[in-house]
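# Reading the structure
Next come the chains, spelled out residue by residue.
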Amino acid sequence: MISVITNRQIFEYDIHSLVKAFYGREEVRVSVAEELPKDFSGFFLQYEEIAASWGINRADPNTVAFSVYSEGKLLDTEKEEVSRETLSDRILLKNTVKRCIYRLLARELKKELPWGTLTGIRPVKLVMKGLSEGETPGAIGERLKQVYYVSEPKLSLALEIAGREKVLLLETSGAKGYSLYLGIPFCPTTCLYCSFTSFSIALWRERVADYLCALKREIDETAKLFQGRRLDSIYIGGGTPTTLTADELADLMGYIRDSFDLSGLLEYTIEAGRPDSVTEEKLAAILSGGANRISINPQTMNDETLKRIGRRHTTEEFVQSFLLARKAGFRNINTDLILGLPGEGLSEVQHTFSELSALLPESVTVHSMALKRAAGMAEFLKEHEELSSVNSAEIMGEAEKSARSMGLLPYYLYRQKNMTGNLENVGYAKEGCFGFYNILMIEEIQDIVALGAGTVTKRVYYDPETGLATGRIERCDNVRDPLLYIDRIEEMLDRKRRLFSNGEAG
Ligand code: SF4
């Protein structure tokens, strides 16, 4: 276990995230103590008072020092002076603390992190903010290097994506519009790495009708609340929506069509995540229900890995489902991949891309395995020490190169906590096939109304004069258990009403 002690109760969460990014699977504990325990081994963050030479108030700490100790002996220190301005600005001070930690750990461990000190999930948002404030890409790049130590390749990826998103967002109605997410929390089996709301369809079959009934109550309420506002995108996810029967899909999508004005819709996506749940009838129902984008996810094109991670399908079944969707008439098919699956390295990822490229998907979303939230995977790796779960800048670079050679361009990016290699998830797509919902959701510039068990609705406040998001965001969540969701549907509706109660967003 890596122990960090700080002498002030501040930034514990950020310190934890950054140290964890360096140490990967090791447990990291951050605590607060005025004095170091005797024989302490670990890291100590100190706000020192050495103000005399500056002639300012002695009570103000004006140096941040991050030091490493072994059995009570000081081994190494990294310091940075902080001005009065920095001291009174939480963000400036936090950045200073993180830079000290970064420099010392990079030196100790002889390791750099691709995103430098950035531990948040939306690095592109920083670039977008700079662009909206009139900063040039060059100046933004310099700032990200100086303040956060972001590496050159990640910098250029973030700048490219932000530039593309900026143009795409002009097509949306921004903060004045809204998007819908509907969750179908059932799956054929549970994948080893699953961190989503997912329940066995076999166990739930008898109650699916009740679930859909409750979902329709939420659809009614949302249609009322959002009357007159443009609906930009719809995303039906899960779980696996295609665990519903063709009739259930047709009924649900018909209900959506009758409840909302879809005339301004830029995109309507449905996940058919598990190829073993796709049939010709379901694809026909989805198409006539109005969806124009579908996601069929192999995760890997290596059968050994698929067995290992508990997905019940083979790569051949994925190919058949993909071709079935193509034949049914889908012209925008996304395929999700995960890098860092157990037992996979560069050559397995190369194999996956070479198989996938033959199918010419319009979009590939590349995820880095995130360990902590996937309890099953963490257990599995403990039991199978011979199998590593690694992702690296080299493997991500290979994925990027392969996606580009398939004519796909990066258009959205986000990160999660505890990703292997401290990397990112990137969506690649052909011109004209970029996923609007993904961008709107990650950039947090409009309301995302989420219906169904385990979903989270986000209200984005905006300035009615400028039409721009103010940065204030409020959330309300639905209970995760479908039984509770059905039983407590009135409460879920109330939560939504309350969230959007004070009239116009703004
Ligand atoms: S398909 Fe997705 S939601 Fe379902 S078990 Fe697998 S990871 Fe979880």
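Residues numbered from 1 in each chain as written. Predicted model: local features only at pLDDT ≥ 70, side-chain atom pairs only at ≥ 80, totals over all residues.

Check the secondary structure of the protein and you find 18 helices and 18 strands. Relative to the 2.2 N^0.38 estimate, which gives 23 Å for 506 residues, the radius of gyration of the protein is 24 Å and therefore close to what a compact globule would have. Seen along its three principal axes, the alpha-carbon backbone of the protein occupies a region of about 75 × 55 × 45 Å. Within the span of the protein, comprising 506 residues, buried residues form 43% of the whole. (Helix = DSSP H or I, 4+ residues; strand = E, 2+ residues; numbered from the N terminus. Rg over C-alpha atoms; globule rule 2.2 N^0.38 Å. Buried ≥ 20, exposed ≤ 12 C-beta atoms within 10 Å, placed from the backbone.)

With that out of the way, let us pick up the site of the ligand. Close to the ligand lie Cys 187, Thr 190, Cys 191, Cys 194, Phe 196, Ser 198, Gly 238, Gly 239, Thr 240, Gly 273 and Arg 274, which account for all nearby residues. In the shell around the ligand, the residues fall into four nonpolar, six polar and one charged. (Near = placed C-beta within 6 Å. Nonpolar A, V, L, I, M, F, W, Y, C, P; charged D, E, K, R; others polar.)

Bringing the environment of Glu 344 into the picture now. Along the chain, Glu 344 turns up in the loop between strand E12 (333-339) and helix H13 (346-357). Between the C-alpha atom of Glu 344 and that of Asn 391, which follows or precedes it by 47 residues, the distance is 8.7 Å. If sequence neighbours within four positions are ignored, Glu 344 has contacts with Thr 300, Asn 302, Thr 305 and Val 349. (Contact = placed C-beta atoms within 7 Å.)

So, about the confidence of the model for the protein. On average, residues of the protein score 91 in pLDDT, and 94% of them reach the 70 mark or higher. In the model, residues 52-59 has pLDDT below 50 throughout and makes seven contacts with residues more than four positions away in sequence or in other chains. (pLDDT = per-residue confidence, 0-100.)

Glancing now at helix H4 (residues 123-132). Every buried residue of H4 is listed here: Pro 123, Val 124, Val 127 and Met 128. For H4, the arc enclosing every buried residue in end-on projection is 140°, short of the 170-degree limit, so these residues lie on one face. Its buried side turned inward, H4 meets helix H5 (137-148), helix H6 (152-169), strand E14 (409-414) and helix H16 (436-443). Following H4 by one or two positions, Gly 134 adopts a phi angle in the positive range, close to 90°. (Arc of directions from axis to C-beta.)

One finds Ile 101, Ile 294 and Leu 339 to be the most contacted residues of the largest nonpolar core, which totals 123 residues. With six residues, helix H3 (residues 90-109) is the largest single contributor of residues to this core. (Core = buried A, V, L, I, M, F, W, Y, C linked by C-beta atoms within 7 Å.)

Our next topic: H6. In an α-helix, one turn spans 3.6 residues; hence positions three or four apart end up facing the same way. A rise of 1.5 Å per residue sets the reference length of H6, with its 18 residues, at 26 Å; its end C-alpha atoms lie 26 Å apart and thus fit the reference within 8%. The elements touched by buried residues of H6 are H4, H5, E14 and H16. (Expected span 1.5 Å × (residues − 1).)

Next up on the list: unusual backbone geometry. Note: most residues except glycine have negative phi, and most peptide bonds are trans. That bond from Gly 238 to Gly 239 is cis: its omega, 15°, falls within 30 degrees of zero. Following the sequence through the fold, Gly 239 ends up in the loop between strand E9 (231-238) and helix H9 (246-259). Backbone geometry places Gln 299, a non-glycine residue, at a positive phi of 70°. Residue placement: Gln 299 occurs in the loop between strand E11 (293-295) and helix H11 (303-308). Although it is not a glycine, Glu 444 adopts a positive phi angle of roughly 55°. Classification of Glu 444 as partly exposed rests on a count of 16 C-beta atoms within 10 Å.

Here the focus is the sheet that holds strand E3 (residues 42-48). Note: strands within a sheet are paired through backbone hydrogen bonds, in either parallel or antiparallel orientation. Read from one edge of the open sheet, five strands run E2-E1-E3-E4-E5, paired in mixed fashion. The open sheet has two edge strands with one neighbour each: strand E2 (28-32) and strand E5 (73-81). Averaged over all pairs of adjacent strands, the angle between their axes in this sheet comes to 20°, without regard to strand direction. Running over the sheet, helix H1 (residues 12-23) touches strand E1 (2-6), E2 and E3 and is turned about 150° from E2. (Pairing = 2+ DSSP bridges. Axes fitted to C-alpha atoms, helices over the stretch in contact; angles between N-to-C directions.)

Let us now look at the packing of helix H8 (residues 208-225) against H9. Where H8 meets H9, the axes come as close as 10 Å, and the angle between the chain directions of the two elements is 10°. Overall, the two elements H8 and H9 adopt an arrangement that is roughly parallel. On H9, the residues that touch Val 208, Leu 212, Lys 216, Ile 219, Asp 220 and Ala 223 of H8 are Glu 248, Leu 252, Tyr 255, Ile 256 and Ser 259. Residues that form the contact of H8 with H9 fall into these classes: seven nonpolar, one polar and three charged. (Parallel < 35°, antiparallel > 145°, perpendicular 65-115°, else oblique.)

A word on the pairing of strand E6 (residues 178-184). The buried fraction of E6 amounts to seven of the seven residues, a majority that puts the element mostly inside the structure. Sheet topology note: the E6/E9 ladder contains seven bridges and is parallel. From the neighbouring strand, Gly 183 faces E9, where its bridge partner is Gly 237. In the sheet, E6 pairs with strand E16 (residues 447-451) via five bridges, with the strands oriented parallel.

For the rest of this paragraph, the subject is the packing of H8 against helix H18 (residues 489-499). Here H8 crosses H18 at 20°, and the two axes come no closer than 10 Å. Regarding the angle of H8 to H18, the classification is roughly parallel. For the pair H8 and H18, the crossing hand works out as right-handed. Residue-level inspection shows Ala 214, Arg 217, Glu 218, Glu 221, Thr 222 and Leu 225 of H8 in contact with H18, the latter providing Ile 489, Met 492, Leu 493 and Lys 496. Residue composition of the contact of H8 with H18, by class: five nonpolar, one polar and four charged. (Left-handed = near helix turned anticlockwise from the far one by under 90°.)

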